[in-house]
Amino acid sequence: MRSPKDFFAPLAVGAPQPPRQIPVRPSRMIHFFDPGNEKMAAKVPDLAKKTDVLLGNLEDAVRADRKEAARAGLVSIAKATDFGRTQLWTRVNSLDSPWVLDDLITLVTEIGDKLDVIMVPKVEGAQDIHYVDRLLAQLEARAGLTKPLLVHAILETASGVANVEEIAGASPRMQGISLGPADLAASRRMKTTRVGGGHPGYLVRTDPIGEDLTEGRTTYQQDLWHYTVARMVDACAMNGILPYYGPFGDIRDVVACEDQFRNAFLLGCVGAWSLHPVQIDIAKKVFSPSPADVAWARRVIAEMGDGTGAVMIDGKMQDDASVKQCRVVVELADELAATDPELAAAYDAATKEIQS
């Protein structure tokens, strides 16, 4: 274990200083694309105008015989594209694969100045982050980079969940963690073949009325991922990094996708993956506080004055804990509004209406 006084020291001579605080930038959707697919690559400039994060995927969904083409494609796209405010991330291959070393060497040395975050799949413990941390420092020094690359872990094994707290705090590079429900389901031997979302068999049932055990008993589908998402959120909050929901695989079911994203948002996640353009607007909507919620939060903060004591607003008790909750909503709204004039106008209009 590193001494606390050495935690923020560079891990290679000539490497940039590790960050002391993770920059919080809009990342409501992490939109995946295959950089080796020419049709997808051609859409990247337009997608950059609509998304918070674009992620060039090199791992799952890229066949073994196309790994090198995907890597080369990402290099070409990064060099040729002006991403503006949109972040460029990549998901490299897993650390036990024969491709990951070439992924990291190529991407850091050739486009390290364009990349913001490197997503690492199937992280099982702090040791995986330590390996990537040291290697990135060496490659940054070789490439002469002045800004450190950040690392994002995917929680998709039982070991990763068991060690999520140590993963979250393993390096000052840690930007966040995403839930990877499909691989995690396999690792846990869960009996679902869905990529994220609920399952009709995972339910609770109301008690019977009288002797009839079947009549009038309502069932309610439960969230398979509630425990894991909540634990991931706690680990991230404790270490000052950001939690994300991962993929929702049923592209056609936009209603269930929105529900799953909203569950994650309410629990504390800041964004989710989008696998298809139709999910971009869903994530943007869900992971932006509603104008009504922002207006109410601003009203509570204003009426609470210095934030101490308690007041009654519309018959509801508000105190210092309420102010803390409301500040979470308002701070997120302000961050998003700073780069989204349409959202800023909606927030201001709702605030004026509630004040009138």
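Throughout, a residue's number is its position along its own chain's written sequence, starting from 1. Note on the predicted model: pLDDT of at least 70 is required for a residue's local features to be given, and 80 or more for side-chain atom pairs to be given and counted; whole-chain, interface and lining totals, by contrast, use all residues. Heavy atoms throughout the structure, all of them, feed into the side-chain values; hydrogens and water do not.

What to know about the pattern of salt bridges
Close approach of charged atoms allows side chains with opposite charge to pair.
Thought 1: Only one rule defines a salt bridge in this text: a Lys or Arg side-chain nitrogen within 4 Å of an Asp or Glu carboxyl oxygen. Summed over the entire model, instances satisfying the criterion amount to 24 salt bridges.
Thought 2: Of the charged contacts in the structure, one is a salt bridge between Arg-25 and Asp-116, with a shortest N-O distance of 3.3 Å. In this pair, Arg-25 is assigned in the segment before strand E1 (29-33) and Asp-116 in the loop between helix H3 (100-111) and strand E4 (117-120), connecting sequence segments 91 residues apart.
Thought 3: When a residue's accessible area, from a 1.4 Å probe over protein chains only, is under 20% of the maximum for its type it is buried; when over 50% it is exposed; and in between it is partly exposed. Classification of Arg-25 as partly exposed rests on a relative accessible area of 33%.
Thought 4: For Glu-303, the salt bridge goes to Arg-299, with nearest N and O atoms at 3.0 Å. Remark: Arg-299 and Glu-303 occur in helix H11 (residues 291-303); sequence separation between them is 4 residues, near one turn of the helix.
Thought 5: Judged by its relative accessible area of 39%, Glu-303 falls in the partly exposed class.
Thought 6: What emerges from the salt-bridge pattern is a single network uniting Glu-59, Asp-60, Arg-91, Lys-122 and Asp-183. Starting at the N terminus, helices and strands are each numbered in turn, a helix being any DSSP run of H or I of at least four residues and a strand any DSSP run of E of at least two.

What about the sheet that holds strand E3 (residues 87-91)?
Thought 1: The pairing criterion for strands is at least two bridges between them, as found by DSSP. One closed barrel holds the 8 strands; their spatial order is E1-E2-E3-E4-E5-E6-E9-E10, and the pairing between them is parallel. Averaged over all pairs of adjacent strands, the angle between their axes in this sheet comes to 25°, without regard to strand direction.
Thought 2: In the sheet, E3 pairs with E4 via 3 bridges, with the strands oriented parallel. Pairing of Trp-89 across the sheet is with Val-117, part of E4.
Thought 3: Of the strands in this sheet, E1, strand E2 (53-57) and E3 are in contact with helix H2 (residues 67-80), which crosses E3 at around 170°. Where helices are involved, their axes are fitted lines through C-alpha atoms of the stretch in contact, as for all axes, and angles between N-to-C directions lie from 0 to 180°. Whether two residues are in contact is decided by their heavy atoms: any pair within 4.5 Å suffices.

Section: empty space enclosed by the protein
Regions of empty space are outlined by a rolling probe, equal in size to a water molecule, passed over the atoms.
Thought 1: A cavity here means a set of points on a 1 Å grid, drawn over the protein atoms and nothing else, where a 1.4 Å probe fits but cannot get out; a pocket is an open set with protein on both sides within 12 Å along at least five of seven lines, and a residue lines either one if it has an atom within 4 Å of a point. Grid points are joined across faces, edges and corners, and a volume is the space filled by probe spheres set on the points. All chains considered together, the criterion is met by 1 cavity of 30 Å³ or more.
Thought 2: Empty space within the largest cavity amounts to approximately 60 Å³.
Thought 3: Surrounding the largest cavity, 13 residues form its lining, Ala-9, Leu-11, Pro-18, Asp-133 and Arg-173 being those nearest its centre.
Thought 4: Split into classes, the residues belonging to the lining of the largest cavity amount to 9 nonpolar, 1 polar and 3 charged. Throughout, the ten residues Ala, Val, Leu, Ile, Met, Phe, Trp, Tyr, Cys and Pro are labelled nonpolar, Asp, Glu, Lys and Arg are labelled charged, and all others, Gly among them, are labelled polar.

As for the UniProt feature "binding site: substrate" (unreviewed entry) in the chain
Thought 1: Under the UniProt annotation, the feature "binding site: substrate" (unreviewed entry) is placed at Arg-91 and Glu-156. Despite a sequence span of 66 residues, these residues sit close together in the fold, their greatest C-alpha distance being 13.8 Å. In this structure, the second largest pocket is lined, among the annotated residues mentioned, by Arg-91 and Glu-156.
Thought 2: Of note, Arg-91 is situated in strand E3.
Thought 3: Excluding residues that lie within four positions of it along the chain, Arg-91 makes contacts with Phe-32, Leu-55, Gly-56, Asn-57, Leu-58, Glu-59, Asp-60, Met-119, Pro-121, Ile-154 and Trp-273.
Thought 4: Positionally, Glu-156 belongs in the loop between strand E5 (150-155) and helix H5 (158-162).
Thought 5: Residue classification places Glu-156 among the buried positions, given a relative accessible area of 4%.
Thought 6: Beyond its immediate chain neighbours, meaning those up to four positions away, Glu-156 contacts Pro-121, Lys-122, Gly-180, Asp-183, Leu-184 and Ser-187. UniProt positions are given in the numbering used here, feature names are shortened, and annotations may be inferred rather than shown by experiment.

Digging into helix H1 (residues 38-48)
Thought 1: By the burial criterion, the buried members of H1 are Ala-41, Val-44, Leu-47 and Ala-48. Here the buried residues of H1 occupy an arc of 105° about the axis, which is enough to place them on one side. Facing away from the buried side of H1, by more than 90 degrees, are the exposed residues Glu-38, Lys-39, Ala-42 and Lys-43.
Thought 2: Packing partners of the buried residues in H1 comprise E1, E2, H2 and helix H10 (277-286).
Thought 3: Put simply, Asn-37 is the residue that caps the front of H1, since its side-chain oxygen is 2.9 Å from the backbone nitrogen of Lys-39. To obtain the arc, one takes the directions from the helix axis to the C-beta atoms. Contacts described as polar in this section are N or O atom pairs within 3.5 Å, which, within protein, must combine one atom able to donate a hydrogen with one able to accept it, while residues neighboring in sequence count only if both atoms come from side chains.

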